[in-house]
Amino acid sequence: QVQLVESGGGLVQAGGSLRLSCTVSGSIFRINAMGWYRQASGKARQLVAYITSGGSTNYADSVKGRFTISRDNTKNTVYLQMNSLKPEDTDVYYCHGRLRHYGDLSEYAYWGQGTQVTVSS
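Residues numbered from 1 in each chain as written. Predicted model: local features only at pLDDT ≥ 70, side-chain atom pairs only at ≥ 80, totals over all residues. Heavy atoms only, no water.

Student: How should I be thinking about the state of the cysteines in this particular structure?
Tutor: In a disulfide, the sulfur atoms of two cysteines are covalently bonded to one another. On inspection of all chains with the given rule, the structure shows one disulfide. The residue that forms a disulfide with C22 is C95, at a sulfur-sulfur distance of 2.1 Å. Judged by the sign of its S-S torsion, about -80 degrees, the bond between C22 and C95 is left-handed. Linking C22 in strand β3 (residues 18-25) with C95 in strand β9 (residues 91-100), this pair joins segments that are 73 residues apart in sequence. Each member of the pair, C22 together with C95, is buried. (Disulfide = S-S within 2.5 Å. Helix = DSSP H or I, 4+ residues; strand = E, 2+ residues; numbered from the N terminus. Buried < 20%, exposed > 50% of the residue type's maximum accessible area, 1.4 Å probe, protein only.)

Student: Just checking my understanding: could you explain the pairing of strand β1 (residues 3-7) for this structure?
Tutor: Successive residues of a regular strand alternate their side chains across the two faces of the sheet. Only one face of β1 is covered, namely the face carrying L4 and E6; the face carrying Q3, V5 and S7 is uncovered. With five bridges joining them, β1 and β3 adopt antiparallel strand pairing. Considered in β3, the bridge of S7 is made with S21. (Pairing = 2+ DSSP bridges.)

Structure follows, in structure tokens:
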């Protein structure tokens, strides 16, 4: 059974920093792209940042220059370094991964359980 386990959320003052981590566990052949989304109550989940297996990245305009996504393939872990945080960054952040299993050519999408990030003004 595949699990994506997030950590690193919390409460921080505006201008501060947090680092989110997401580790993939279970029977996995290959982890393709991984990323972070965020969602406010009653709103749609939105892309924050994404990174491919080759290291190419993509960011939402609202976080460019402040957030950095990275991955450690040896640990099956993706990170989101969040600097210069603003109150409008307050959301639940979800890890997302596109994975392949042994003996299966298909790609499957998985979500983490979410971690709360709260930025106070």
